[in-house]
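# A look at the structure
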Amino acid sequence: ASIAALTLSAGAAMADGHEGCDDGEIVVKFSHVTNTDRHPKGIAATLLQERVNAEMNGVMCMEVFPQSSLYNDDQVLEAMLQGDVQLAAPSLSKFEAFTRQFRIFDLPFMFTNIEAVDAFQASDTGQAMLDSMQRRGLQGLGYWHNGMKQMSANVPLALPTDADGLKFRVQASDVLVAQMEAMGASPQPMAFSEVYGALQTGVVDGQENTWSNIWGQKFFEVQDGVTETNHGIIDYLVVTSVDFLDSLEPEVRDQFTTILDEVTNTRNAEAFAVNEAAKQSIIDAGGTILELTDEQRTAWVETMMPVWAQFVEDVGQENIDAAQAIND
Ligand code: LMR
């Protein structure tokens, strides 16, 4: 090949973002929004990439784009349906345009810990939810854990009334909007990549997220402190398009989904520890963490629980009962 042609093809490969992939390999672009270090999703995505590229070399090539470097979560599912990206792992809060079933995961105080979330997802109900968007062109491949959400603001939050009148960033979820309104706060849906700037400049006063996200995006640096509310969860759906999955030869699909299942099991078992390490990193960096007394916690529960009634029809009373039975 001439030098001009070589330069051209290298340029085209770079522009496509495929520079690490060989000709003929099936390219899987995996777009996500978090950091990669000390983050359950970031670590899992990196491990998945390493294993696919080592074990499926010559057949499949995965490229991970972390930190919203390719798409925000409000763009990625449309991009997937267009075939511009093949894998994503948005939080379960971010499928509102496709299904209301996942709203159960956003209801405050629905799950007491990540093991309860895991058990619910492993149940027939949870497994059926993986297929709930097939009609819309999306296929869930598995659930990845992050962890319990904590609440932070530019003032100390000991009681829900401390949030009264404050603006809180939320993921684009009607349940989370209702939860913030129950606290008397003003919910502001916003992309993850914009939250640090919005907190820093006072566009919003507070936010809710897991320790790994509060650490990874440095939210604690621009907040008064973080209150350990454990009031909800952030968990992810690893998702692809029905079209992409159907385009794979059966043995390629099986090898890919087997690797994904193994990575899921390995990393989900570590998600709690990863969040605890992030929490410790916040403390080590001088961040303030407020622990609730039993009475204070009761006030948060009593303020937020009425939100369930608004969404019973979407999520089904039988599913709420099943989730509660797992907690017990
Ligand atoms: C958020 O938007 O706060 C989270 O869903 C980000 C993430 O992927 O953990």
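One can find the structure itself at the top, above this paragraph.
On a predicted model such as this, the values are computed, not experimentally measured, just so you know. (Residues numbered from 1 in each chain as written. Predicted model: local features only at pLDDT ≥ 70, side-chain atom pairs only at ≥ 80, totals over all residues. Heavy atoms only, no water.)

### Focus on the state of the cysteines
Here a disulfide denotes a covalent bond joining the sulfur atom of one cysteine to the sulfur atom of another. For the record, the criterion: Disulfide: a pair of cysteine sulfur atoms within 2.5 Å of each other. Where helices and strands are cited, they refer to DSSP runs of H or I of at least four residues and of E of at least two residues respectively, numbered from the N terminus. Buried, partly exposed and exposed residues are distinguished by accessible area as a fraction of the type maximum, computed with a 1.4 Å probe on protein chains only: under 20%, between the cut-offs, and over 50%, respectively.
Under the counting rule described, the total for this entry stands at one disulfide. Residue pairing for Cys 21: its cysteine sulfur links by disulfide to Cys 61, the two sulfurs lying 1.9 Å apart. Here the S-S torsion is close to -75 degrees, and the disulfide linking Cys 21 with Cys 61 is therefore left-handed. In this pair, Cys 21 is assigned in the loop between helix H1 (3–16) and strand E1 (26–31) and Cys 61 in strand E2 (residues 60–65), connecting sequence segments 40 residues apart. The same class applies to Cys 21 and to Cys 61, which are both buried.

### Here we look at the side chain of Thr 229
The line we're drawing: Here a polar contact is taken to be a pair of N or O atoms separated by no more than 3.5 Å, where protein atoms must pair a possible hydrogen donor with a possible acceptor and residues adjacent in sequence count only if both atoms sit in side chains. The criterion used for residue contact is that any of the two residues' heavy atoms lie within 4.5 Å.
Within the secondary structure layout, Thr 229 lies in strand E8 (residues 225–241). Take Thr 229: its relative accessible area is 1%, and that puts it in the buried class. Within polar-contact distance, the side chain of Thr 229 engages the side chain of His 231 at 2.8 Å. Every residue in contact with Thr 229, bar those within four places of it in the chain, is listed here: Phe 109, Lys 149, Gln 150, Met 151, Leu 292, Arg 297 and Trp 300.

### Some points on the site of the ligand
Rule in force here: Only a single heavy atom is needed: when it lies within 4 Å of a molecule or strand, its residue is near that molecule or strand. Note on areas: Shrake-Rupley with a 1.4 Å probe; residue coverage comes only from the protein chains shown. By the convention adopted, Pro, Cys, Tyr, Trp, Phe, Met, Ile, Leu, Val and Ala count as nonpolar, Lys, Arg, Asp and Glu as charged, and the other residues, Gly among them, as polar.
The local shell around the ligand consists of Val 33, Thr 34, Lys 41, Ser 91, Lys 94, Arg 169, Gln 171, Phe 192, Asn 209, Asn 213 and Tyr 236. Note that an oxygen atom of the ligand is positioned 2.7 Å from one of the side-chain N or O atoms of Gln 171. Here the ligand loses 100% of its free accessible area of 270 Å² to cover by the protein chains. The class makeup of the residues in the shell around the ligand is three nonpolar, five polar and three charged.

### So, the environment of Gly 126
Along the chain, Gly 126 turns up in helix H6 (residues 124–129). A sequence separation of 16 residues divides Gly 126 from Gly 142, and the C-alpha atoms of the two residues are 9.8 Å apart. Setting aside residues no more than four positions away along its own chain, Gly 126 makes contact with Phe 120, Gln 121 and Tyr 143.

### Considering the packing of helix H2 (residues 40–55) against helix H11 (residues 250–268)
Quick note on the threshold: Here the axes come from fitting lines to C-alpha atoms, over the contacting stretch only for helices, and the angles between their N-to-C directions go from 0 to 180 degrees. Left-handed is the label given to a crossing in which the near helix is rotated counterclockwise from the far helix by less than a right angle, and right-handed is the label when the rotation is clockwise.
Here H2 crosses H11 at 145 degrees, and the two axes come no closer than 10 Å. Where H2 crosses over H11, the two elements pack in a sense that is right-handed. For the pair H2 and H11, the contacting residues are Ile 43, Ala 44, Leu 47, Leu 48, Arg 51, Val 52 and Glu 55 in the first and Gln 255, Phe 256, Ile 259, Leu 260, Glu 262, Val 263 and Arg 267 in the second. Across the contact of H2 with H11, the residue classes tally to nine nonpolar, one polar and four charged.

### A word on the pairing of strand E7 (residues 206–210)
Rules: A pair of strands is treated as paired once DSSP finds two or more bridges between them.
Across the five residues of E7, five count as buried, placing the element largely inside the fold. What you see with E7 is no split at all: Gly 206, Glu 208 and Thr 210 on one side and Gln 207 and Asn 209 on the other are buried throughout. Pairing geometry for strand E4 (residues 138–153) and E7, over five bridges, is antiparallel. Considered in E7, the bridge of Lys 149 is made with Thr 210.

### Points about the environment of Ala 153
Tracing the backbone through its elements, the reader meets Ala 153 in strand E4. Taking the C-alpha atoms as reference, Ala 153 lies 8.8 Å from Val 204; in sequence the two are 51 residues apart. Apart from residues no more than four positions distant in its own chain, Ala 153 is found in contact with Leu 166, Phe 168, Asp 205, Gly 206, Gln 223, Asp 224 and Gly 225.

### Structural notes on the pattern of salt bridges
Short version of the rule: When a carboxyl oxygen of Asp or Glu is within 4 Å of a side-chain nitrogen of Lys or Arg, the pair counts as a salt bridge.
Inspection of the entire model under this criterion finds 10 salt bridges. Note that Arg 38 is salt-bridged to Asp 37, the shortest N-O span being 3.7 Å. By relative accessible area, which is 47% here, Asp 37 ends up partly exposed.

### Observations concerning helix H7 (residues 174–182)
The set of residues buried in H7 consists of Val 175, Leu 176, Ala 178, Gln 179 and Met 180. Where H7 ends, the next residue or the one after it, Gly 184, has phi of about 80 degrees, a positive value.

### As for unusual backbone geometry
If you check the backbone angles, Gln 67 has positive phi at about 55 degrees while not being a glycine. Of note, Gln 67 is situated in the loop between E2 and helix H3 (73–81). Using a relative accessible area of 40% as the deciding quantity, one classes Gln 67 as partly exposed. We note that Phe 109 has phi near 60 degrees; this positive angle belongs to a residue other than glycine. Note on placement: Phe 109 falls in the loop between helix H4 (103–106) and helix H5 (114–122).

### A look at the nonpolar core
Note the threshold: Side-chain atoms within 4.5 Å link the members of a nonpolar core, which is a set of buried Ala, Val, Leu, Ile, Met, Phe, Trp, Tyr and Cys residues.
Residues Phe 102, Ile 104, Phe 105, Leu 107, Phe 111 and Leu 237 are the most contacted members of the largest nonpolar core, which totals 37 residues. For this core, the secondary structure elements donating two or more residues are H3, H4, H5, E4, H7, E8, helix H14 (307–315) and helix H15 (317–327). Residues contacting Phe 105, with those up to four places away along its chain left out, are Leu 92, Phe 111, Val 117, Phe 120, Gln 121, Met 129 and Ile 233. With 25 residues, the next largest nonpolar core counts Val 28, Met 62, Val 238 and Phe 244 among its residues.

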